[in-house]
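Structure at a glance
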There are 4 protein chains.
Amino acid sequence: MSANFKIGLVGAGRIGKVHAKTFSTLVPDACVAGIADIDLAAAKSLANQYDIPVATDDYRRLLDDKSIDAIAVCTPTDFHADMIIGAAEAKKHVFCEKPLAFELDQIDAALAAVEKNKVVFMMGFNRRHDVGHSRIRKDVVAGRIGNPELCLIISRDPAPPSAEYIRTSGGIFVDMMIHDFDLSRYLLNDEPVEIYATGSCMVDPEFAKYDDFDTAMVVIRFAKGAICHIDNSRRAVYGYDQRVEVMGSKGRLTTANLLEDNTTFAGPDGFHEPRALNFFMERYVPAFQTEGIMFVDCVKNGTPPACTGFDGRAAVAMAKAAALSAKTGRAVKMEEIG
Amino acid sequence: MSANFKIGLVGAGRIGKVHAKTFSTLVPDACVAGIADIDLAAAKSLANQYDIPVATDDYRRLLDDKSIDAIAVCTPTDFHADMIIGAAEAKKHVFCEKPLAFELDQIDAALAAVEKNKVVFMMGFNRRHDVGHSRIRKDVVAGRIGNPELCLIISRDPAPPSAEYIRTSGGIFVDMMIHDFDLSRYLLNDEPVEIYATGSCMVDPEFAKYDDFDTAMVVIRFAKGAICHIDNSRRAVYGYDQRVEVMGSKGRLTTANLLEDNTTFAGPDGFHEPRALNFFMERYVPAFQTEGIMFVDCVKNGTPPACTGFDGRAAVAMAKAAALSAKTGRAVKMEEIG
Amino acid sequence: MSANFKIGLVGAGRIGKVHAKTFSTLVPDACVAGIADIDLAAAKSLANQYDIPVATDDYRRLLDDKSIDAIAVCTPTDFHADMIIGAAEAKKHVFCEKPLAFELDQIDAALAAVEKNKVVFMMGFNRRHDVGHSRIRKDVVAGRIGNPELCLIISRDPAPPSAEYIRTSGGIFVDMMIHDFDLSRYLLNDEPVEIYATGSCMVDPEFAKYDDFDTAMVVIRFAKGAICHIDNSRRAVYGYDQRVEVMGSKGRLTTANLLEDNTTFAGPDGFHEPRALNFFMERYVPAFQTEGIMFVDCVKNGTPPACTGFDGRAAVAMAKAAALSAKTGRAVKMEEIG
Amino acid sequence: MSANFKIGLVGAGRIGKVHAKTFSTLVPDACVAGIADIDLAAAKSLANQYDIPVATDDYRRLLDDKSIDAIAVCTPTDFHADMIIGAAEAKKHVFCEKPLAFELDQIDAALAAVEKNKVVFMMGFNRRHDVGHSRIRKDVVAGRIGNPELCLIISRDPAPPSAEYIRTSGGIFVDMMIHDFDLSRYLLNDEPVEIYATGSCMVDPEFAKYDDFDTAMVVIRFAKGAICHIDNSRRAVYGYDQRVEVMGSKGRLTTANLLEDNTTFAGPDGFHEPRALNFFMERYVPAFQTEGIMFVDCVKNGTPPACTGFDGRAAVAMAKAAALSAKTGRAVKMEEIG
């Protein structure tokens, strides 16, 4: 806890736990100096686990703490915009989990506060920092596959979330596929122009209660002509399925799943390899670490964030276009969303 | 040429050559007894290569030949319906290459002639007979993956066809993706209800001249809820890319590409495996063989065809729905097509 | 049976069946014109299956048949040398299954008869014709991996042979590992100088009755410095395990096993691929075909055999060195064997 | 540096750096409290990098430091035995890098001191803690593959060490293959009875100067009948090659190499994956971490060491048997070594 770069973490839920661990143990010279959650017991528990000196149910205590350099926003999405504004006005740098916010006008207000107060803002799309995905981005930008033509992004969770999570998630496009929308722009280095989306409820009837899908498929046309497929499922019994593919005029790049270990058993029924790493907490540990290191670097050394407020806004706009498409059965142009 | 089962082959082009080789050398007890093509030189050349006794520019000569048991229709699509009717009326059994015909009313007329004359009719969707794809079908039907939820079908040719071929192909959906439409029904054991399609011209400007695409992506909703992605490209520099995937409530099944050989070279730059088998003439040799053997078995032993006229019609209807969707930018219901 | 190149096949056992099928159905312009086996019923059964006009229990009938171009020797090893001599004196070309013979002086006599009568002689080491192994040989000779340093050859049968087979096999080194001895010379393009061998009886106590092993491991030093490992087992429950690897100063080449199909099932326990192809009759079908085509080509066009009498003798000498090493517990120099 | 468990590290060379990083950053509750090296600059440099408060050229200063709980011996092998004795007499627990010592009587003296002073002793064979290798050990012990019959261990370094390192290494068997000797006992859960070894100089003529090999192959017979192959090379241009395989009556277990990332590029020449992780400092980071955590656990909680002094001695005895075999050209029984 004696590190130079002090984070105030807001939100002690699933993703808050990931960042508490990351900033406490995996980012050199960083530490978590305080944790806030309206569920004080959750905040205290996490504080205890990672030796965090302050646990509070009022995040404003972290904004008031002069020693804190940056706020990591890990609360439910409803609160993101207000917290970003509060942090920016307290001159704290901001790391914000996805999605930036549910509404574009909230996002615009939050980003305006960031700009006005000249603080660093970085969006938490962790998959950009995966060693495989980022290698593909670099290769695409360097022209290794020529002109990108087709892109496939597959993201399937191992098991559906709790009913409570489903109720407030905002729906599969803004809650889950938001990662893939961001990844599509990142991998293709291009902007979307039109989105078609459809979905089903096949995994858990809980999703249907909220007009949500648990299985969804999307087609996106990009400005330079590439077409991108995304599919999401809330359940893949073989583990967290994370694959991307970009094909262009000169070749194809793919990332494969990472498995629990590198063993194979060959028996009378054939060859057996273990499950895919179970979920993002296992699969993307190094990506969260790289993300944390980069955020610290942005603040300390002024390097530009690898994932900006503009990126955060663009993904939310894509999610809105997808939701509208799924409702109307037609492709929706991005310019309709604004 | 002394085999019991005698085929009359109509069409000495690319696919005619495949079936000439298959029925001449890979199907026990079968032979090609005559070959017809309006390009007589092409017919003669193939006849010479496979020791076929009759080469003609008038396919009616084959219909009149009493020794011939069955006609294999391998001409351009325009002629399919008339030839099926002619063959059926001459009491010849019929094997027909894809697509069955361009128009549904032509198809209905052809299938009526088949029924009236009580001849065997089998559609030539060769991929159904691939050892991997057919294993997946069997596993899906047997419930190995539970309820199917997502399906991916990827089919990319190594290089675009000739300008002449493009001019008369009928467009990517009915010429190329027709295979994948059939495969989607086969793998999911279900019927499509709605199709969305889009495409680009990124490979060869020749396609744009005919309002065609060289790159296309489709989303299909099936009756029992599964959603299916198909993508096609007219060029994949690494070889013929043929992959399918079906995920359900209990697991996922995939087929991988077959490579030129099973060697790996490990050098200073990493690990290198050879290209995918170049095209369908290499990739699907065993599938064409199985298809030929099955056709002979249908005629000789009365086993029901693995791929029927109904299947041939359904794939054409899907291609029509896709073409309409790509034109209108909306999902098209199968009931709109008829 | 009207093909130009007529084979007389001697031996209707396991390997005789393979060559009956190969020369009858997979080698253009070749056919089996007669089959001999002391078990006349076995000869007749195979003749019936492949439409072979002559079945006899006296192989001399085949030698006397003027229409026969070549004899394929597929009998138990004891008879090889005499049959080669008989065939050569009858001016028949000879294809001989492994091992050439049990004793070096028998081999020398047989090869002398071949030379004196100026007939073509080709050894049947089928693995040389495998597309993967032969690609490695070509790459090694072309210098792709620089100077070869290490070689691994793994060959494990799916299940042990019958007690009767074990009794007369000659032991694991001359019966089974003979293939790998040949492969080591072929892949490294070099000659062995010293061999160490050891073995165990762990699979079937039948082997111990004849002082034989069912599990064996060998180390071979080659003239240019490379060191080669071979292991054999009479039982691998996951199928026929056939892998080779050559590492040199500039890289490493490997061949992988071929599986029953190219599907993967992903379920709650992980990823599952089917068994390896069960045995040589499945795994090496294309290699036997290439071998047959090459033999016909040698006779018809005078191309030099890809596998000579010298190669056949060298492998037997290595087997003798291995057997002596296993008995004495020391490395045996090839020059001790002669 | 405020952690509870304090390590005194002796040796600031290649392996000392690995443990400095491990105990400083990857083992919870542990820290390096002092570092000694006769090259004081090297000690200071490492102390600086990991915030280690004491850097000295006299390791006895660490033995005298009451706050230090344990000594990690990372010096050249010559010094191991004396340092273990010194540490034990100072009542420090001992973690010792491989090989334990060059001579068996030194080892016996060192282990006697450990026992007399009732300190914990753990051997540093890091590969035992690899997630793949340890999974195989667990599966073998649990009977998943039945009775073990064959074992292959492949270990090839990416590039040869410095001439200085070669001069004092003790030779390939005791310096490099010692890891594989230990792994063979660990994986097979059995004791060796006989070893055959041979080697070449093909990579770097420096090795020949000291009668050493840069390429070596070994066959080991185990008490229960299994036979084990080990090969080592000082150069593999594709990266650190680390594979193990154990086959038994019911199946086969293997570990695959880990590559730099999980991407594949498919281009006109085929499919390309990146290099294997370069060397042990990259490949075995998690294994070193697990090893460090286990050592702390042994001291704090009295859990028995996963790798004992007996294990360290057994591997040295195997190295001696291999060296004798390579010199004499015969298999050497373990009982000859003592």
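Above this text is the structure in question.
Residues numbered from 1 in each chain as written. Chains lettered and ligands numbered in written order. Predicted model: local features only at pLDDT ≥ 70, side-chain atom pairs only at ≥ 80, totals over all residues. Heavy atoms only, no water.

As for the overall build of chain A
What chain A contains, in helices and strands, is 13 helices and 15 strands. For 338 residues, the compact-globule estimate of 2.2 N^0.38 gives 20 Å, and the C-alpha radius of gyration of chain A, at 20 Å, lies within 12% of that figure. Residues counted as buried form 64% of the 338 residues belonging to chain A. Long-range pairs, those at least 24 residues apart, make up 71% of the contacts in chain A with a sequence separation of at least 6. (Helix = DSSP H or I, 4+ residues; strand = E, 2+ residues; numbered from the N terminus. Rg over C-alpha atoms; globule rule 2.2 N^0.38 Å. Buried < 20%, exposed > 50% of the residue type's maximum accessible area, 1.4 Å probe, protein only. Contact = heavy atoms within 4.5 Å.)

As for the relation of the copies chain B and chain A
Mapping chain B onto chain A is achieved by rotating through 180° and translating by 0.0 Å along the same axis, at an RMSD of 0.1 Å. In short, the pair behaves as if placed about a two-fold rotation axis. Every residue of chain B has its C-alpha some distance from the rotation axis, and the shortest such distance is that of R330 of chain B, at 2.0 Å. In this assembly, 100% of the residues forming the interface of chain B have copies in chain A that are likewise at the interface, indicating an isologous arrangement. (Least-squares fit on C-alpha atoms with pLDDT ≥ 70 in both.)

Focus: the pattern of salt bridges
Residue and element names in this part refer to chain A. The full count for this structure, using the stated rule, is 111 salt bridges over all chains. A salt bridge links D231 to R156, with the shortest nitrogen-to-oxygen separation between them at 2.9 Å. Of this pair, D231 sits in strand β10 (residues 227-233) while R156 is found in strand β7 (residues 148-156), placing the two residues 75 residues apart along the sequence. Classification of D231 by relative accessible area gives buried; the value is 0%. (Salt bridge = Lys/Arg side-chain N within 4 Å of Asp/Glu carboxyl O.)

Examining the packing of aromatic side chains
Applying the stated criterion to the full structure yields 38 aromatic pairs over all chains. Taking 5.1 Å as the distance between ring centres and 75° as the angle between the ring planes, the aromatic pair formed by Y240 of chain D and F279 of chain D counts as edge-to-face. Of this pair, Y240 of chain D sits in the loop between β10 (227-233) and β11 (241-248) while F279 of chain D sits in the loop between β14 (270-273) and α11 (280-283), and the two are 39 residues apart along the sequence. Assessed through its relative accessible area of 3%, Y240 of chain D is described here as buried. Ring geometry for F279 of chain D versus F280 of chain D: centroids 4.9 Å apart, planes at 70°, classification edge-to-face. As far as burial versus exposure is concerned, F279 of chain D and F280 of chain D are alike and both buried. Aromatic rings pair up to connect Y240, F279, F280, Y284 and F288 of chain A into one cluster. Sitting over the ring of Y238 of chain D, R252 of chain C keeps its end group 4.8 Å from the ring centre. (Phe/Tyr/Trp six-rings, centres within 6.5 Å; stacked < 30°, edge-to-face > 60°. Lys NZ or Arg CZ within 6 Å of the ring centre and 35° of its normal.)

Some details on helix α6 (residues 131-141) of chain B
Residues lying three or four places apart along an α-helix face the same way, a consequence of the helix completing one turn every 3.6 residues. Residues and elements named next belong to chain B. Buried residues of α6: G132, H133, S134, I136, D139 and V140, and no others. One side-chain oxygen of the residue at the start of α6 lies 3.0 Å from the amide nitrogen of G132, identifying that residue as D130. Once α6 finishes, G143 follows within two positions and takes phi at roughly 85°, a positive value. (Polar contact = N/O pair within 3.5 Å; in protein donor to acceptor, adjacent residues only side chain to side chain.)

Examining helix α5 (residues 104-116) of chain B
All names here are of chain B. Helix length check: α5, at 13 residues, gives a terminal C-alpha distance of 18 Å against a target of 18 Å (1.5 Å per residue), a fit within 8%. Of all the residues in α5, the buried ones are L104, I107, A110, L111, A113 and V114. Among the structural elements, α4 (80-89), β6 (121-124) and α13 (309-328) are those in contact with the buried residues of α5. Downstream of α5 by one or two residues, K118 has phi in the positive range, about 55°. (Expected span 1.5 Å × (residues − 1).)

Observations regarding the packing of α5 of chain B against α13 of chain B
All names here are of chain B. Two elements in contact, α5 and α13, have axes whose closest approach is 10 Å; the angle formed by their N-to-C orientations is 175°. Taken as axis vectors, α5 and α13 run roughly antiparallel relative to one another. Seen from α5, the contacting residues are L104, I107, D108 and L111; seen from α13, they are G309, F310, R313, V316, A317 and K320. Taken together, the residues of the contact of α5 with α13 sort by class into six nonpolar, one polar and three charged. (Axes fitted to C-alpha atoms, helices over the stretch in contact; angles between N-to-C directions. Parallel < 35°, antiparallel > 145°, perpendicular 65-115°, else oblique. Nonpolar A, V, L, I, M, F, W, Y, C, P; charged D, E, K, R; others polar.)

Here's the deal with the pairing of strand β13 (residues 263-267) of chain B
The buried count for β13 of chain B comes to five of five residues, which makes it a mostly enclosed element. Residues T263, F265 and G267 of chain B of β13 of chain B are buried on one face, and the alternating residues T264 and A266 of chain B, pointing to the opposite face, are buried as well. Pairing of β13 of chain B with strand β12 (residues 251-255) of chain C involves four bridges; the strand directions are antiparallel. Paired with T264 of chain B across the bridge in β12 of chain C is T254 of chain C. For β13 of chain B and strand β14 (residues 270-273) of chain B, the ladder comprises three bridges, and the chain directions are antiparallel. Among the inter-strand pairings, G267 of chain B is bridged to a residue of β14 of chain B, identified as G270 of chain B. Taking the residues that link successive antiparallel strands as the turn, the β13 of chain B-β14 of chain B hairpin has two residues. (Pairing = 2+ DSSP bridges.)

Brief notes about the environment of V141 of chain B
Relative to the helices and strands, V141 of chain B resides in helix α6. Along the sequence, V141 of chain B and D241 of chain B sit 100 residues apart, while their C-alpha atoms lie 25 Å from each other.

A look at unusual backbone geometry
Omega for the bond connecting K98 of chain A with P99 of chain A falls within 30 degrees of zero, at -15°, which places this linkage in the cis form. The residue P99 of chain A is located in the loop between β5 (93-97) and α5 (104-116) in this model. Despite not being glycine, K91 of chain A has its phi angle at roughly 65°, a positive value. Even without a glycine there, the phi angle at D211 of chain C is positive, about 60°. Secondary-structure assignment places D211 of chain C in the loop between α10 (206-209) and β9 (215-222). On the basis of relative accessible area, D211 of chain C is assigned to the exposed category, the value being 75%.

Observations regarding the environment of E149 of chain A
Following the sequence through the fold, E149 of chain A ends up in strand β7. For the pair formed by E149 of chain A and V10 of chain A, sequence separation is 139 residues and the distance between their alpha carbons is 41 Å. Setting aside residues up to four positions removed in sequence, E149 of chain A forms contacts with A226, I227, M247, G248 and S249 of chain A together with M202, V203, T215, S233 and R235 of chain B.

Description of the packing of helix α9 (residues 178-188) of chain A against helix α13 (residues 309-328) of chain A
Helix-helix packing: each pair is described by the crossing angle between the helix axes and the interaxial distance. Residue and element names in this part refer to chain A. At a minimum axis separation of 9 Å, α9 and α13 run at an interaxial angle of 115°. Of the two elements, α9 crosses α13, and the hand of that crossing is right-handed. Of the residues in α13, those in contact with I178, F181, D182, S184 and R185 of α9 are F310, D311, A314, A315, V316, M318, A319 and A322. Here the residues of the contact of α9 with α13 sort into nine nonpolar, one polar and three charged. (Left-handed = near helix turned anticlockwise from the far one by under 90°.)

Let's talk about the side chain of T255 of chain D
Summarising the element assignment, T255 of chain D is placed in strand β12 (residues 251-255). In this structure T255 of chain D comes out as buried when scored by relative accessible area, which is 3%. Of note is the side chain of T255 of chain D, whose polar atom sits 3.4 Å from the side chain of H133 of chain D. Sequence-distant contacts of T255 of chain D, defined by excluding residues within four places in its chain, comprise N262 and T263 of chain A together with G132, H133, I136, Q242, R243 and V244 of chain D.

Let's talk about the interface of chain B and chain D
With 14 residues of chain B in contact, the opposing surface of chain D contributes 14 residues. In total, chain B and chain D occlude about 1,100 Å² of area from one another, counting both sides; carbon and sulfur atoms represent 63% of this. When residues of chain B are sorted by the area they lose upon contact with chain D, Y238, P268 and F271 of chain B head the list and together hold 45% of the total. Counting residues per element, the ones that place at least two in the side of chain B that touches chain D are β13 and β14 of chain B. (Buried area = accessible area lost by both parts, 1.4 Å probe.)

With respect to the side chain of D175 of chain C
Residues and elements named next belong to chain C. With respect to the helices and strands, the residue D175 is situated in helix α8 (residues 172-175). A residue is classified by how much of its surface remains accessible, and D175, at 6% relative accessible area, is buried. In terms of polar contacts, D175 uses its side chain to reach the side chain of Y165, at 2.8 Å. A distance of 2.9 Å separates a polar atom in the side chain of D175 from a polar atom in the side chain of R234. Apart from the residues lying within four places of it in its own chain, the contact partners of D175 are K98, Y165, S169 and R234.

A short note on the interface of chain B and chain A
Each partner contributes to the interface: chain B provides 44 residues, whereas chain A provides 44 residues. Carbon and sulfur atoms supply 62% of the area that chain B and chain A bury against each other, a total of about 3,200 Å² over both sides. Here E245 of chain B makes a salt bridge to R156 of chain A, at a shortest N to O gap of 2.8 Å. In this structure, the connection of chain B to chain A is made through 19 residue pairs in polar contact (both at pLDDT 80 or more). If you tally residues by element for the side of chain B that touches chain A, the top one is strand β7 (residues 148-156) of chain B, at seven residues.

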